[in-house]
Each structure stands twice: as structure tokens, then as C-alpha cells.
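Geometric and topological summary
So the chains spell out like this:
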Amino acid sequence: MSEILILGAGMVGVGTALALQARGHAVTLLDRRPPGQETSFGNAGVIQAEAMEPYAMPRDPATLLRYALGRSNDVSLSWRDLPRFARPLLTYFRASAGRSHAEISRHYARMIARVRDDHRPLIEASGAGALIRESGLGELYRSEGRLERAVPEARRKADTYGLQLRVVSGEVLQTEDPAIKGPVAGALIWDDSWSCIDPGALVTAYAELFRKSGGTILNGNADSLQPAQTGWRVQSDTGEVVAEHTVIALGPWSADFVKRFGYSVPMLLKRGYHTHLHPLVQPTRPYLDAEHGYVLAPMRAGLRLTSGAELVAQHRPQRPFQLDQATRAIRTLIPDIADGNGTIWHGHRPCLPGMLPRVGKAARHRGLWFNFGHGHQGFTLGPTTGHLLAQMLDDA
Ligand SMILES: Cc1cc2nc3c(=O)[nH]c(=O)nc-3n(C[C@H](O)[C@H](O)[C@H](O)COP(=O)(O)OP(=O)(O)OC[C@H]3O[C@@H](n4cnc5c(N)ncnc54)[C@H](O)[C@@H]3O)c2cc1C
């Protein structure tokens, strides 16, 4: 069985390492930080079994104008970085058109349909069950009109993909989840989805499972990767590693990284922020507050608020105004809530404009593999694309 090196120990890299290990390969994971400390740490922790269709870019002029004028809390655009994003945005716009999005969703849904089956054995074997809640994901609507408009589309998705959907009134919701106190018209509850109360800890638990099963985890910088006579070599803190195959699983850093080997992969980085607040009573599940464009997710560290997308280059400083707005909005929903310590985290959803992750063989280099670009759902999809890549590698 081959020696395989995986660069990047987020949910995707760790998921891939476990899948390859299960097939009998000798696998080394290399990261400059401990596993699960970057994007896979700071997300909303939802294992999105309901996300059968990837987020399309809205194509109606009114919504695009709202985005352009900064009147939406879902998406904000850094005008000075627009030239950098113009090409992928245009591709994203085209890919979001009805027929094309339907075709992409056909592939996406096949992956999402198996995510719980791919996470479940890892959760069990790593003893991480206490981190997982099987209480679904809610979509909250403050106004009757918005709820009424959302229901037909939600029912279409539920019927198309066989998902469990409940449409509940504000009153029923508040009985089911007493933490929600403010006026709400109602909610869509996607009962198939799971959530994690500490996403970084779940990746750490999976990485520990990999290590205990004979895998190697090393600290080192992927930038030292070079082709070798029989494969690839990279420098770790404890010496050189040589492997027949290398998998690039560097999340939002992947597109820049593969440029050095001549691959141009346009990536849209959608920045998100989080902070923690402390309610008197924690909600029972995560919710998307649909009219204010943020997710509230009960976590071990408090109630995590995660912001919508800011299209901005990775190196720019924080401008967490979407999070500020979310913090104001949540106080009208959960009034008994205390401030956290004020720490604001940010990271970037690694989105490809075609909305599907890049999983497979690099076109021009023997033994080089890609597994990145999981966008809004990498925490959900990591173990699944890990299996897909492992199968491709064995079939090659
Ligand atoms: C605010 C927010 C909320 C989200 N909510 C959800 C959610 O609820 N559900 C969901 O499924 N997804 C969610 N996502 C998306 C999800 O977090 C990402 O898709 C996923 O974490 C990507 O995983 P990854 O392993 O590809 O990248 P990462 O987790 O970022 O891992 C990449 C790794 O590469 C390493 N690395 C980078 N460069 C180098 C180098 N030169 N040398 C060595 N190592 C290097 C990094 O240290 C890192 O560990 C959210 C994202 C954000 C930002």
C-alpha cells in the first residue's frame, strides 16, 4: 500500500487521512498548527444533512443591488478587492442559473445524502458522541410574510430529497425551545441535520483516532513541498517526509498553494466572523436568523454567533460590522444574554465558483491530488470527500 502525505489537518485533511488509512495506506498528516485550529475550528458546527443544494448566487437585480449597496447582512463586498474576485464571481453568477445549478445540485445532493453515514462511525470510534446534538437546524423568520414566502421552496427541497421538514409557529417554537423569547412568526425545522458543540474538538477527536490507529501527524510548513524522484517530499519539524502521493487539503490556502505548480484555481473567499455570548438558557439547536443573516449556535464556549459572508482578501484586517448587527439582532430574540469576552474570530469559507469541491487527481503531476474548495459545508463534507478521494486514488 502506498505512502500518502496529506497537507492540511482541517476536517477535510483529517477526513481524508482516516478514509485512506481505513483502506490500508500508510498516511502522514502535516500542518503548521495542531489539527482543527483554522476554518474547521471557527464554523457554526452544523452537519448539514439538509444542504442538498449548494448556495447559489442570487441573480435578481434587486438582491444584487442590495448587496452592492451594503444593505444586506447576509453578504458584504469589499470594493477594493472586487478586481481579485471579478472572474470567480462571474463564473459563480453563471453557474447559479437554473439549469446549471440543478445539475450541480444533483452531484452535491449525492454527497450530502451520505454525510451522516460517513460521520457516524468516526464519532463512535473517536468517542466524540458527547459533542454531537441530533436536534436539527432551524431557520427563524421574524415576519409572517417572509415565512410564508420561504415555505414553498423549503417544501420543494424536502419533497425532492426526502428530508424531514417541520413548519412551526412562533408559539410552538417557543414551547419547544424556551430560550427563544422574542417575537418570531415561525421557523422551518430541518430535523435531519446534526450539530457539534465544539467543532475544533471534533476534528481533534478524529485526528486522535487516526493517530491511535497508526497514522502520523507532523508539524511543518507545506510550502516546502517538492517533487522527488519517486513521488513528493516535504520538510517537517522532525525531518524530511517522502511519499508516493500528496493530497492538498489546505482549505482557503489551497488555491494560492497550487499556483506554484502551475494550477490556476479561482477561489472565492467568503469571510465569516464569530463571537460568543452567554444566554441564561441555551437554545436546543442552531438557528439561522434568516432576516438578519447570521447563525446562532449553542456551543460549549457559549452561544456562538457566526456572520454571513464578506467577500474580502484573506490578509485584510477585521471589519466585523455584520457580526455587530447580528449581536444587536439576537438581543431582540434572546433578551437574557450576557456579553462574552469580546474575542472575535474570523476565517474564510473556501468557495469554488462552480460550487463543487475539487476532489481528484491533479492534471499534470503524477501522485498529486486535490481535496479542497468545500465552501459553506466543509465541516459537513470532510469525511465524505475523504472517502471519494480515497476511492479515486485506489482506482487510479
Ligand atoms: C463563519 C463560518 C461558519 C461555517 N459554518 C459551517 C457549518 O455550520 N457547517 C459546515 O459544514 N461548514 C461550515 N463552514 C465551512 C467550513 O468551516 C469549511 O468549509 C471547512 O472548515 C474547510 O475545511 P478544510 O479542512 O478544507 O480547511 P481548514 O479547516 O482551514 O484546514 C486547512 C488547514 O491547512 C493548514 N495550512 C494552511 N496553509 C498551510 C501551510 N503552508 N503549511 C501547513 N499547513 C497549512 C491550516 O493550518 C489548516 O489547519 C463555515 C465557515 C465559516 C467561516
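Look up: the structure comes first, before these words.
Attention in this report is confined to the structure presented alongside it.

1. Observations concerning the sheet that holds strand 2 (residues 26-31)
Taken in spatial order, the six strands line up as 10-2-1-14-23-22 in an open sheet, and their pairing is mixed. Both outer strands of the open sheet, strand 10 (216-219) and strand 22 (358-361), are each paired with one neighbouring strand and no more. For this sheet the average axis-to-axis angle between neighbouring strands, irrespective of direction, equals 20°. As judged from the four bridges shared by strand 1 (residues 3-7) and strand 14 (residues 245-248), these two strands associate in the parallel manner. From the neighbouring strand, I4 faces strand 14, where its bridge partner is H245. Contacts from helix 1 (residues 11-22) reach strand 1, strand 2, strand 14 and strand 23 (368-372), with the element oriented near 170° to strand 2.

2. A short note on the pattern of salt bridges
Under the definition given, this model contains 21 salt bridges. One salt bridge in this structure joins D394 and R23, with 2.9 Å as the shortest N-O distance. In this pair, D394 is assigned in helix 12 (residues 378-395) and R23 in the loop between helix 1 and strand 2, connecting sequence segments 371 residues apart. With a relative accessible area of 31%, D394 lands in the partly exposed category. One salt bridge connects D339 with R331, and the closest N-O pair in it is separated by 2.5 Å. Relative accessible area serves as the criterion here: at 31%, R331 is assigned to the partly exposed category. One network of salt bridges, in which partners are shared, links R166, E176, D191 and R285.

3. Comments concerning the packing of aromatic side chains
Under the counting rule described, the total for this entry stands at five aromatic pairs. Among the aromatic residues, ring-to-ring pairing joins W232, F257 and F261 into one connected group. Above the face of the F41 ring, R304 is positioned so that its terminal group lies 5.6 Å from the ring centre.

4. Observations concerning the site of the ligand
What surrounds the ligand is a group of 35 residues, the closest being D31, T39, S40, V46 and T380. One of the side-chain N or O atoms of S40 is found 2.5 Å from an oxygen atom in the ligand. With respect to the ligand, the backbone of H376 contributes an N or O atom lying 2.9 Å from a nitrogen atom. Coverage of the ligand by the protein chains reaches 98% of its 990 Å² of free accessible surface. Those elements that place two or more of their residues in the shell around the ligand are helix 1, helix 2 (39-42), strand 21 (345-351) and helix 12. The residue inventory of the shell around the ligand, partitioned by class, reads twelve nonpolar, 18 polar and five charged.

5. Overview of helix 11 (residues 321-331)
Buried residues of helix 11: Q322, L323, A326, T327, A329 and I330, and no others. Buried positions in helix 11, seen along its axis, are confined to an arc of 165° and lie on one side of it.

6. Considerations on the sheet that holds strand 11 (residues 226-228)
Strand order in the open sheet formed by three strands is 11-12-13, with antiparallel pairing between adjacent strands. With partners counted over all chains shown, the strands left at the sheet margins are strand 11 and strand 13 (239-243), one partner each. Pairwise comparison of adjacent strand axes, ignoring direction, gives a mean angle of 35° for this sheet. Of the strand pairs in this sheet, strand 11 and strand 12 (residues 231-236) are connected by three bridges, and their pairing is antiparallel. By the bridge assignment for strand 12, P227 is matched with W232.

7. Quick word on unusual backbone geometry
The phi angle at M355 is positive, at roughly 70°, despite the residue not being glycine. By the element assignment, M355 lies in the loop between strand 21 and strand 22.

8. What to know about the nonpolar core
Judged by nonpolar contacts, the single largest core of 58 residues is most densely connected at I6, V14, L188, L202 and Y206. For this core, the element with the most residues is helix 9 (residues 199-212), which contributes eight residues. Those residues in contact with Y206 that sit more than four places away from it in its chain are M11, V14, L18, H119, L122, I123, S126 and P383. Counting 25 residues, the second largest nonpolar core, distinct from the first, contains L5, L30, W232 and L250.

9. Structural notes on the pairing of strand 23
In terms of residue burial, strand 23 counts as a mostly covered element, since five of its five residues are buried. Of the two faces of strand 23, the one carrying L368, F370 and F372 and the one carrying W369 and N371 are both buried. Two strands pair when backbone bridges link them, and strand 14 and strand 23 are joined in this way by three bridges, in the parallel orientation. Counted as the bridge partner of I248 is F370 from strand 23. Summarising the sheet, strand 22 and strand 23 pair through four bridges and their orientation is antiparallel. Residue pairing for strand 23: K361 is matched across the bridge by W369. Adjacent in sequence and paired antiparallel, strand 22 and strand 23 are bridged by six residues, among which G367 carries a positive phi angle near 75°.

Thresholds, definitions, all that
- Residues numbered from 1 in each chain as written.
- Predicted model: local features only at pLDDT ≥ 70, side-chain atom pairs only at ≥ 80, totals over all residues.
- Heavy atoms only, no water.
- Pairing = 2+ DSSP bridges.
- Helix = DSSP H or I, 4+ residues; strand = E, 2+ residues; numbered from the N terminus.
- Axes fitted to C-alpha atoms, helices over the stretch in contact; angles between N-to-C directions.
- Contact = heavy atoms within 4.5 Å.
- Salt bridge = Lys/Arg side-chain N within 4 Å of Asp/Glu carboxyl O.
- Buried < 20%, exposed > 50% of the residue type's maximum accessible area, 1.4 Å probe, protein only.
- Phe/Tyr/Trp six-rings, centres within 6.5 Å; stacked < 30°, edge-to-face > 60°.
- Lys NZ or Arg CZ within 6 Å of the ring centre and 35° of its normal.
- Near = heavy atom within 4 Å.
- Polar contact = N/O pair within 3.5 Å; in protein donor to acceptor, adjacent residues only side chain to side chain.
- Areas by Shrake-Rupley, 256 points an atom, 1.4 Å probe, with all protein chains shown as cover.
- Nonpolar A, V, L, I, M, F, W, Y, C, P; charged D, E, K, R; others polar.
- Arc of directions from axis to C-beta.
- Core = buried A, V, L, I, M, F, W, Y, C linked by side-chain atoms within 4.5 Å.

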